[in-house]
Every structure is written in C-alpha cells, then in structure tokens.
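# Observations on the three-dimensional arrangement
Here is how the chains run, residue by residue.
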Amino acid sequence: MLNEKEIPHIPERIQGIVELAHNLWWTWHPQARRLFRALDYEAWRESTHNPVLMLRLIRPERFAEVAQDPQFLALYDQVLAEYRRDLERVGPSLPGPIAYFCAEFGVHVSLPLYAGGLGILAGDTLKEASDLALPLVGVGLIYSQGYVTQRIREDGWPEDVHQRLLDHGAHPLVPVRTAEGEPLVLAVPGFDPPLRVQVFQARIGRVPLFLLTTDVEGNAPWDRAISQQLYTTDLEQRLKQEWVLGVGGMRALEALGIRPAVLHLNEGHPAFALLERLRQLLAAGLPFEKALEKTRATTVFTTHTPLPTGTDIFPFALLDRFLTPYCQAHGLPREALLELGTNPKDPGAGFNMTVFALRLSRHANAVSQRHREVAQRIWSGVRFRDEEVRLEAITNGVHLFTWIEPLRVQRLLDKYLGPEWRERPDDPGVWERVWDIPDEELWAVHMDRKEALIAELAARARKRWQEGAPAANVLALGSLLDPNVLTLGFARRFTAYKRPDLLLYDPERLRRIVTNPLRPVQIIFAGKAHPADLEGKRLIQKVFRLAKDPAFAGRIAFVEEYDQHLARFLVAGVDVWVNTPLPPLEASGTSGMKASVNGVPHLSILDGWWLEGYTGENGWAFGGEEVPGDRAPADAAALYRLLEETIIPLYYDRGPDGIPHGFVRVMKEAIRTVAPRFSSRRMLKEYLERLYRPAAQAWAEGG
Ligand SMILES: *Cc1c(COP(=O)(O)O)cnc(C)c1O
C-alpha cells in the first residue's frame, strides 16, 4: 500500500507527476506513458510499468535533474495540461451519479483485481465513462492476494500460486479519508460484532473506483481473510464477500455523501446492494412497497452468463445468519426478501442472486442479441408481481484506446484516419478511411507487432529457463516460434464450454497442418483455469503435452500467466484470433473484438457477438447450424477445412512485393467494421440512453 511518506522529495515544478502516477488515466494516454519512460527508463522497466512503484525506485537526484531539463519539462507541461483538460470536461447531465458495482475490475495489470472477461469489461466501462465524462463511480473489492499466478509443471499441470498483493506493493490505491483526515473504516452490519471494512480509492481518469477490504486491524483473522481471494469456492466466505461488496459498498457511498440515482449491478454478485437501497429508502420514510418500486425503477442489472450454474445460489440457512439480524435491526421484511430471491423453477435450491437482481431491476440486459434470447428463456417464469422479467440486449464493446496497440497501430490510425477516430470512435464513417492505408504500411506495422510478441515470449521463456524450468517446458512456452509463419492465437479462460481443445480434435490432421513444410502454421495458447475447475486444468495439460511433443515441431506453444499485459501483446501480434465455444454458451466474448480492431481477423464459431459482427468479409465463421448431440466432430471438421482451404492459402498467397494483399483486405475489413460497432463508446452510449436515463428519471421523479 502506498505510503505517501515513502515517495522521495520531488521538486515543486514537477509535483504533478505524483497525481499522474496515481491516476490510471496514464494507461490509455500514450504521451503520459512516454513521460514516465523519459523520467527514468530503468526504473520504468524495473517497476514493470508501474509508475507508483517507480516513484519509489528513482534516485532523488534524478528528479532534480529532469526538473532542469527543458525537453522533459515541455513534455511534462503538455501531458499535465491534457490531463487537467480531460478531467474538467463537461459531460451528460443526470439527476445523480451512477454507482457501478462489480466483483472484479480489470483496469490495468498493476492492479490485479480481476479474473477474466467480466473484470476487463468493467475496467473498459470505467475508462469509457471517463472519456464520455459520465457521472459514474465504481464499487468493488480489493483482493489482497489478487488472482492466482500460473506456473505449468513438468507434466503440464497448471499450479496456482497465491501472491500477497498489498504488502509489498506500490499500487495506485489511496486510503479514503474522513473529513477529520482519518482513514475511512465502516462497520458493516449483519456480523456480530459488526465487520470493519476499510475503503480505498483508485482513480480511472475522472472516475473514482472505491475498493473495500476486510483486511483491517480489529477484525478476527478469519474475517480479515474475507476479501483475500477472488471467487473463492468456500460458499460461506463467498457469501460474506458479496455481502461486503453490496451492503458495504452502499454504506461506503453513503459515508462519502454520494447518493446514486442509478445502481448498476454488473452480474449478480453485488445484488445485496439492493438491501441497502431498500433500507435507505425506508429510513427516508417510504413504506416498504413504495421502496421496492423505487429500488426497482432505479436499478440496472446486467447478466453475463447463459449458464444457470454461473449464478450464485446461497442456502437459505446460510444467508439467514446475516439477513435475519440485518432485517431485525432495520425493519425489513425477511420473508418477502427471501421470496424475491427464490427461483420459481427450483424453489428449494436457495437464494439466487440473479433472480433477486432480475426481480428488482426494471432495466435488465444481456450482453448480445443471441444471449438475450437464451437468457430470456432461462429466466422465463421469473416475475415481479404479474410482470414477466424482460431483458434487453446491449452487446459488449471494448475500450479502443486500451486495446488498439499504441506504439504502431494507433499511430497508423492517426496518420490515415486523422484525429476524428479519437473523437468519434463509434462513427462508422470515420473508419471508412481504413481503405486509405497502403497495404504495405499496414503489413509492416503488423509484422512489427508480431515480432514484438515473439520476442516477448522468448524473453519470458528465457526467464523461466534461468529459474530452472525443464528444457522441454521452455520450448513449449514458445521458444521456437517463427514470425514468418501463419500464427493462430487462442487465449481466454480455460473451461470446458470454451472448448480450447477443439483445434486438437484430430491430432494427426493438426500435425499435418502445422508441420507443412511449405505453408506451416503455429498456434499460441494461453489461459488460466479457475482454481477449482479441474476439467479446465486438464484441458491446459492436454494442450501443454502437445506443445511439448516433438511431432508438432515446436509450432504449438502454451504461454503461462495470461493477463491483461499478455493479452495486449497477443491480440495485436498473432495473425488470426480463434474462438471455438460450444453454442449458445458464449454470452458475448470480447477478445475477438480486441484482435479485430488491431487488424487480426477473427476465426470463430457463430455464437455471442460474432453472430452480429461477422459480415462475410471481415474474418471467418463456421458452425451456424444446429447439430444434435455431440457437435465437436462437425465443428472440428469445419474449422480444419476453413484453415486448409481458405485461410492458409490466402495468407501465403504473396504478391511480387511479398505482401498477402487478399489477407490484408480481410485485416482492413476487420478494423473498419468492428472498431465502431464494438467499441465501448457505442456500448456505453447505449447503456446511457436505454437504461441509465430512464432509471435516473425515475429517481428524480420522487415518490
Ligand atoms: C479480453 C480478456 C478476456 C475475455 O476473453 P474472451 O475471449 O471474451 O473470453 C479474458 N482475460 C483477459 C486477460 C482479457 O484481456
């Protein structure tokens, strides 16, 4: 945790660098990144691009030096001016702020409070809210051990290493203080004695992200551990986490004097926030029925999974330990609340967080068109009074300034699309200018990013070799990759429904494809499995064994420790991005969007966002038809056929200039069609107009 005292003395002239280092705004503004690099390149590298840590590593003399350097000062002034301008912009006006609750936030790799897609989406949303100057605050939890770190054993089994996050750390978190200057520590009800929860803040541009921890002095050791691990499998611990997130999160906002007009529950985990919303409305004098109506009218809920097993269900008896004292203390009707969380299709199962959230949010959505249909079917029969729960579809998008590679690809866009692509990233007209980029320039930029990816993987493999990893493991980590070979990327959470082994369905056919002497193919895999997902771990082992098998000639790699940092290298550095989930289980998927906007076309089964994104010319699709029974044989055959008959020939069909013009055409179509429609700009504007505004209106109307 940052201790302000530990930062060495910084000359007044460049004091702004401290604020800049503590605002994650720098992560999507390349000129701020340049500034940190110019400040002290070695410390920048040594801190693995973590400016907060970097400030503590720099020699004090260095600050004095740069404070005299006109070139540094010019850059400093320019970045600070832009930062301040950005923070002061006027945005859409609403009757009150939106409180955006989520169990995970993936803003930057230096703040490891996420596991996967949900957290990255939440992080992208906060950055976009800042860009749009939307009045929004984030609420989440600090996990003192972050998420697991992955190490592959000699036999291919992935081991999970839990790391202490906060003790050694320099993270862009600062304690929130009371008016008296004391650290803000709340007492969360439902526990006996009440649980102490401390509130920290990270700044994401204009948007504050409030993060809660139970690792506070005065709590019993087992209570301090409540917020230790993301998605713990211990049901009781998990219930406590979600209680802290929802109830504690609302109390934190109250203590800060923030009265949200709208609650946005991103997935079911934070749904206990609704209890606090009800309590506050009762305390303000509304009768329970009215409080229920008002809570409902001002809540937005987003479901992210079509798997009924993906929702948290707590045994009634377990929940009662917290709910009963809470209801007694605040005059809430326990029976009615339990009823609201009961799934009519499975009333004995327990308290269903998704059902509770669905009943109490008039503005609920799924994350793609297909997902809306599927989720509507799953939750049919869930009613509030006589009203069937209705879901809308708002398809996910990605934050372009985070995911379009900044050094080369963003500069290429600046050159040919002009400043408009930064001002109006969701305007399809702006992206028509992608056609003005000469093929050879786009190809040169792409090859540069591919070489950067392969160099990064080699550096990681070298480090593991130095640490004593077995030689065969070092090869399997990607040491033999070749930038001239068509490269497929597959990186995401490893779990059964994502079918990371579909490409491996016919190992002999795959071997022939990757070892073809004239037109070889290589595949880079990466991804973690949830610690309790043994099937997911078995899938990693399956891929890793193939990567180590000499028959595949080092053309299959499995890279450890998939996180946001590695993801950024991969989505810009491979040639084709592959996705093979079992339909209709991919709610949306976002990694294919990240790849497409970098000119890395998507090869995917028709599911999730790709049903909306695929145009016939901006990538490749298969598996649109329904297949009864086991569909893996048909899907694998279609995938191999597309590779053998279409993609490989297209990639290796070079003009006299050595450039695959046909392939580059698909790259351009991918950027042109995906960037505007699947940007977080388009997404958040839809949330604003379709969900936030009506909900905020209901808040303003009173009653
Ligand atoms: C984008 C992203 C994901 C989500 O990937 P999907 O293919 O949509 O499941 C997961 N993890 C990281 C690190 C990501 O950047």
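Everything numeric here is computed off the predicted structure, so don't read it as measured data.

On a plain count of helices and strands, the protein chain comes out with 29 helices and 22 strands. Here the protein chain has a C-alpha radius of gyration of 25 Å; the compact-globule value for 703 residues is 27 Å, and the two agree. With the C-alpha coordinates aligned to their principal axes, the bounding extent of the protein chain is approximately 80 × 70 × 50 Å. When the 703 residues of the protein chain are sorted by exposure, 62% land in the buried category.

What follows is about the site of the ligand. If you check the shell around the ligand, you find 14 residues, and the closest are Arg-492, Lys-498, Thr-590, Ser-591 and Lys-594. Between an oxygen atom of the ligand and a side-chain N or O atom of Arg-492, the distance comes to 3.1 Å. Taking 390 Å² as the accessible area of the ligand by itself, protein coverage stands at 94%. Of all the elements in the fold, those that place two or more residues in the shell around the ligand are helix H7 (117–131), helix H24 (564–573) and helix H25 (591–596).

A word on the packing of helix H9 (residues 235–255) against helix H12 (residues 316–330). As a packed pair, H9 and H12 sit with axes 9 Å apart at the nearest point and diverge in direction by 25°. Compared by their axis directions, H9 and H12 come out roughly parallel. Contacts between H9 and H12 involve Leu-235, Glu-236, Leu-239, Lys-240, Trp-243, Val-247 and Arg-251 from the first element and Leu-318, Leu-319, Arg-321, Phe-322, Leu-323, Tyr-326 and His-330 from the second. Taken together, the residues that form the contact of H9 with H12 break down as 9 nonpolar, 1 polar and 4 charged.

Here we take up the sheet that holds strand S18 (residues 521–526). Spatially, 6 strands are ordered S19-S18-S17-S20-S21-S22 in an open sheet, and the strand pairing comes out parallel. The outermost strands of the open sheet, each flanked by one partner alone, are strand S19 (556–559) and strand S22 (619–622). When the angles between neighbouring strand axes are averaged without regard to direction, this sheet yields 20°. Examined bridge by bridge, strand S20 (residues 576–579) and strand S21 (residues 602–605) share 3 bridges and lie parallel to one another. Looking at S21, one finds that Val-578 is bridged to Leu-603.

The subject of this paragraph is empty space enclosed by the protein. By the definition in use, this model includes 4 cavities of 30 Å³ or more. Roughly 60 Å³ of internal volume is contained in the largest cavity. Lining the largest cavity, in full, are Ala-103, Leu-141, Tyr-143, Leu-230, Tyr-231, Gln-241, Glu-242, Leu-245 and His-269. Counting residues per element, the lining of the largest cavity draws most heavily on H9, at 3 residues.

Cut-offs applied
- Residues numbered from 1 in each chain as written.
- Predicted model: local features only at pLDDT ≥ 70, side-chain atom pairs only at ≥ 80, totals over all residues.
- Heavy atoms only, no water.
- Helix = DSSP H or I, 4+ residues; strand = E, 2+ residues; numbered from the N terminus.
- Rg over C-alpha atoms; globule rule 2.2 N^0.38 Å.
- Buried < 20%, exposed > 50% of the residue type's maximum accessible area, 1.4 Å probe, protein only.
- Near = heavy atom within 4 Å.
- Polar contact = N/O pair within 3.5 Å; in protein donor to acceptor, adjacent residues only side chain to side chain.
- Areas by Shrake-Rupley, 256 points an atom, 1.4 Å probe, with all protein chains shown as cover.
- Axes fitted to C-alpha atoms, helices over the stretch in contact; angles between N-to-C directions.
- Parallel < 35°, antiparallel > 145°, perpendicular 65-115°, else oblique.
- Contact = heavy atoms within 4.5 Å.
- Nonpolar A, V, L, I, M, F, W, Y, C, P; charged D, E, K, R; others polar.
- Pairing = 2+ DSSP bridges.
- 1 Å grid on protein atoms, 1.4 Å probe; cavity = no way out; pocket = protein on both sides within 12 Å on 5 of 7 lines; lining within 4 Å.
- Points joined across faces, edges and corners; volume = space filled by probe spheres on them.

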